[in-house]
Amino acid sequence: ACSQSTHSAVIVGFSVIKSAAAATSKLPLNLLSVVDAGGETNGCGDPGTSALVSSIIVTGDDTPVGCGDDTLWTRFVKSDGTAKEKLEEEEEYEDLPNPQQLGPNTMTEMVASFGVAPVWRDETRVKIAIRTIKPDSTKYKTYEQEDTKKPIAISMLNNGNVAMIHEESQKVGIYKLKDNGEVTMVSDVKLNDGDMPLKTVKKMIYDPAANALFIAGNVSGGKRGLARVDVGNGDGKLAWVKSVNAKVGTPALHLRRKSLKTEATEVLLLSRSFYARVDASDGSEKFVETADDGEYLSWLPEGVTPRAAYDPIRDVIYTTGDTRLREHNIKTGSVVAEEEFYLDPPSSWDIRIKDNNPMTDLSKYPPFCGPGPYPDHPKVKDNKWKGIDDEDDCQRNENDCPYDTRNEDCSDSDNICCVNNDCCILDSWGFFNNWRRVPSNDFPDGADAKAVYVTADGRINVVIVFSGYVLDEDDYYQTSVATFEYTGSSDNNGDSGDDDDDDDDEDTNKCIDMKSKSKCREMVTSTGCYWSRTKGCIKANKCSKIKNNKSACLKSTAHGECVYLMKKEGKYVCNDRAKSCSIAKTKAACQYNDEFKSCSWSSSKSVCK
């Protein structure tokens, strides 16, 4: 048997090998469409969950200004850039709780969801609202039940029943949905395979082609485990429970299969702390990589639970989060290619994605004005943008877009002011451009990729939520679906991304060997080491990349003279000697850094120079 390494370890069969950071390249994509699925303009609504059948189902809820009753909205978005008309149901939360999880069936196209609310004056019970819907539905079918435990996952079965797992449970329940809205239990399958019960079940996925459920949880000894339940005629039977050689992490489950309608060959378990591939037929372990306790896998970004999808056409995994999309080798999980699709995208995408963000300043990302007129302003001559003006200029009438003509000639939808068949863009510091919307500080411009899906046509679809608040009022969010076409070779088969171009470089190898952020930053080499969110531990290419380890900073020699500078009291960073003054943010830091370069503190401007 293999022993647990103190560093990140890869386990294949009975051998333990070290994983190496993969060389990444640009993800070959072409943006096809960006669809506004729905959202909240000014209230207390929240984005919901999403799932994939033939289309992508996106959910959420909104409220009127002042945060009144919720309106549940649902929209099906196709990969061709078209979307079905949004379905809306206005209900009070206590009467019809909003969906918290979706269970799609890619064979029948039916999607099941559940929502949970407390039972009035009974803290021991919860009300569960189960809904089902198809892409051609005009409304939900709703079923209600009460229970003592909250469900945590749901699956829509081929025969129209649903399967659910609950908090603190060691069972999977199969339920019949009756026409009168009632829910009755068909069977309660115990997840106990002799000496190996599956404890504290956490995740579930359904393979409709195999008519089988896969459930993840914990087994004895603190390891993670996976169970298979064959649904059969509907009552369900436990096939096996197997351990997975990882002790930290709650994995999402994905099916490795040739298409959305074929039986899975492997179950992929991916958490921020481990990645495993398990044979779907017998539960045998094919591959496991684990990170140190409390650390992240070297090829995943820190702070983000993996939002992933399996691509059956190219046999790869995609993950997303913040505003980045990554392609991963199926065999090892290492990053093969990536794309920053919002902050630094190809120029042809820039306007199309950013203009879907409610807070985007159109003076910063102006609409295209080229060989033809702007479509919303057909009278505007070609190439006749007069300029970009701010609110103060407009009020003073000192430009080509006088403020007093705005109500007549300016569009509230795109902030373009048309005067005498010429156009300019109003930049009003957030009061006209984006209706005073201030983005969430958690993500760049309030943009966060919540999910990724690969449709049957091979297109990659990213669900993006733009969120923030309206000054002096409530919150806003908008959910959009960006669809990309893969323009590279589809013959990946999990074989790319295993080699590193710099294997002959001694410092590169020293850095690559470090599998945690802390050990990476402590490593002393001539270059120093830098922890990359996508590549793991790599060579630092400048002093500032060595971060805040004094020994590693001062002993690096490849970047000129690196010095250990004070940024503020208790906070030190590695940087070039020339940056000694500009790095300091307080008077004490300025005085400390004066040792390396002559610095003086300006009290009037609160800067070190």
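Throughout what follows, the structure given in this document is the object of discussion. Since we're looking at a predicted model, the values are computed, not measured.

Turning next to the overall build of the chain. Of regular secondary structure, the chain possesses eight helices and 43 strands. Within the chain, counting contacts between residues at least 6 apart in sequence, those at least 24 apart form 49% of the total. Carbon together with sulfur atoms contributes 45% to the accessible area of the chain, which is approximately 27,500 Å² in total.

Below, the discussion takes up unusual backbone geometry. Positive phi values are uncommon outside glycine, yet glutamate 109 reaches one of about 70°. Along the chain, glutamate 109 turns up in the loop between strand E9 (101-104) and strand E10 (111-119). Overall, glutamate 109 belongs to the buried group, its relative accessible area being 15%. One non-glycine residue, glutamate 168, lies in the positive phi region at around 55°. Tracing the backbone shows glutamate 168 in the loop between strand E14 (162-166) and strand E15 (171-177). Here glutamate 168 falls in the exposed class, since its relative accessible area comes to 66%.

The subject of this paragraph is the side chain of threonine 319. Summarising the element assignment, threonine 319 is placed in strand E28 (residues 316-321). Residue class for threonine 319 comes out buried when judged on its relative accessible area of 2%. Here histidine 328 takes part through its side chain, which lies 2.6 Å from a polar atom of the side chain of threonine 319. Leave out the neighbours within four places in its chain, and threonine 319 touches Leu270, Leu300, Arg307, Ala308, Arg324, Leu325, Arg326 and His328.

Per the counting criterion, the structure on display carries six disulfides. Residue cysteine 511 pairs covalently with cysteine 529 via a disulfide, S to S 2.1 Å. Taking the torsion about the S-S bond as the criterion, the cysteine 511 to cysteine 529 disulfide, at about -85°, is left-handed. You can see cysteine 511 sitting in helix H4 (residues 506-512) and its partner cysteine 529 sitting in strand E38 (residues 529-532), a full 18 residues away along the chain. Residues cysteine 511 and cysteine 529 agree in their burial class; the two are buried. Across the disulfide, cysteine 543 is cross-linked to cysteine 562 (sulfur-sulfur distance 2.0 Å). Taking the sign of the S-S torsion, about -80° here, the bridge from cysteine 543 to cysteine 562 comes out left-handed. You can see cysteine 543 sitting in the loop between strand E39 (536-539) and helix H6 (550-554) and its partner cysteine 562 sitting in strand E40 (residues 562-568), a full 19 residues away along the chain.

Formed by 23 residues in total, the largest nonpolar core has its most connected members in Leu29, Tyr318, Leu325, Phe341, Ile460, Val462 and Phe484. Sorting the residues of this core by element identifies strand E4 (29-43), E28, helix H1 (347-354), strand E35 (447-454), strand E36 (460-470) and strand E37 (475-486) as the ones contributing at least two each. Counting 20 residues, the second-largest nonpolar core is a separate cluster that includes Val172, Leu213, Val219 and Leu238.

For the rest of this paragraph, the subject is the pairing of E10. Within E10, eight of the nine residues are buried, which leaves the element mostly enclosed by the surrounding structure. The pairing of E9 with E10 spans four bridges and is classified as antiparallel. Within the sheet, the bridge partner assigned to glycine 103 lies in E10 and is alanine 112. Taken together, E9 and the strand that follows it, E10, pair antiparallel across an intervening segment of six residues, in which glutamate 109 is found at a positive phi of about 70°.

It is worth spelling out the packing of aromatic side chains at this point. To describe a pair of aromatic rings, you give the distance between the ring centres and the angle between the ring planes. Under the criterion given, the structure shown has eight aromatic pairs. Judged by centre distance (6.2 Å) and plane angle (55°), the rings of phenylalanine 341 and phenylalanine 484 are tilted. Here the residue phenylalanine 341 occupies a position in the loop between strand E30 (335-340) and H1, and phenylalanine 484 occupies one in strand E37, the gap between them amounting to 143 residues. Judged on exposure class, the residue phenylalanine 341 and its partner phenylalanine 484 are both buried. On the numbers, 6.2 Å between centres and 45° between planes, the contact of tyrosine 342 with phenylalanine 466 is tilted. With a gap of 124 residues between them, tyrosine 342 in the loop between E30 and H1 and phenylalanine 466 in strand E36 connect regions that are remote in the sequence. The class of tyrosine 342 is buried, set by a relative accessible area of 1%.

Strand pairing within a sheet occurs via backbone hydrogen bonds; the two strands may be parallel or antiparallel. In space, the four strands of this open sheet follow the order E19-E20-E21-E22, with antiparallel pairing throughout. What marks the edges here is a single partner per strand, and that holds for strand E19 (199-207) and strand E22 (237-244). Within the sheet, the average angular offset between the axes of one strand and its neighbour, ignoring direction, is 20°. Pairing analysis gives six bridges linking E19 to strand E20 (residues 212-218), with the strands arranged antiparallel. Paired with isoleucine 205 across the two strands is phenylalanine 214, which belongs to E20.

Counted under the stated rule, the structure contains 16 salt bridges. Between glutamate 168 and lysine 149 there is a salt bridge whose closest N-O contact spans 3.0 Å. Taken together, the residues span a long stretch of sequence, with glutamate 168 in the loop between E14 and E15 and lysine 149 in the loop between strand E12 (141-147) and strand E13 (151-156) at a distance of 19 residues. Residue classification places lysine 149 among the partly exposed residues on the basis of a relative accessible area of 33%. Salt-bridge contacts for arginine 324 lead to glutamate 338; the nearest nitrogen and oxygen are separated by 3.6 Å. Placement of the pair is arginine 324 in strand E29 (residues 324-329) and glutamate 338 in strand E30, with a sequence separation of 14 residues. Shared partners join several salt bridges into a network, and the residues in it are Arg256, Glu266, Arg277, Asp279, Lys286 and Asp315.

What counts and how
- Residues numbered from 1 in each chain as written.
- Predicted model: local features only at pLDDT ≥ 70, side-chain atom pairs only at ≥ 80, totals over all residues.
- Heavy atoms only, no water.
- Helix = DSSP H or I, 4+ residues; strand = E, 2+ residues; numbered from the N terminus.
- Contact = heavy atoms within 4.5 Å.
- Areas by Shrake-Rupley, 256 points an atom, 1.4 Å probe, with all protein chains shown as cover.
- Buried < 20%, exposed > 50% of the residue type's maximum accessible area, 1.4 Å probe, protein only.
- Polar contact = N/O pair within 3.5 Å; in protein donor to acceptor, adjacent residues only side chain to side chain.
- Disulfide = S-S within 2.5 Å.
- Core = buried A, V, L, I, M, F, W, Y, C linked by side-chain atoms within 4.5 Å.
- Pairing = 2+ DSSP bridges.
- Phe/Tyr/Trp six-rings, centres within 6.5 Å; stacked < 30°, edge-to-face > 60°.
- Axes fitted to C-alpha atoms, helices over the stretch in contact; angles between N-to-C directions.
- Salt bridge = Lys/Arg side-chain N within 4 Å of Asp/Glu carboxyl O.

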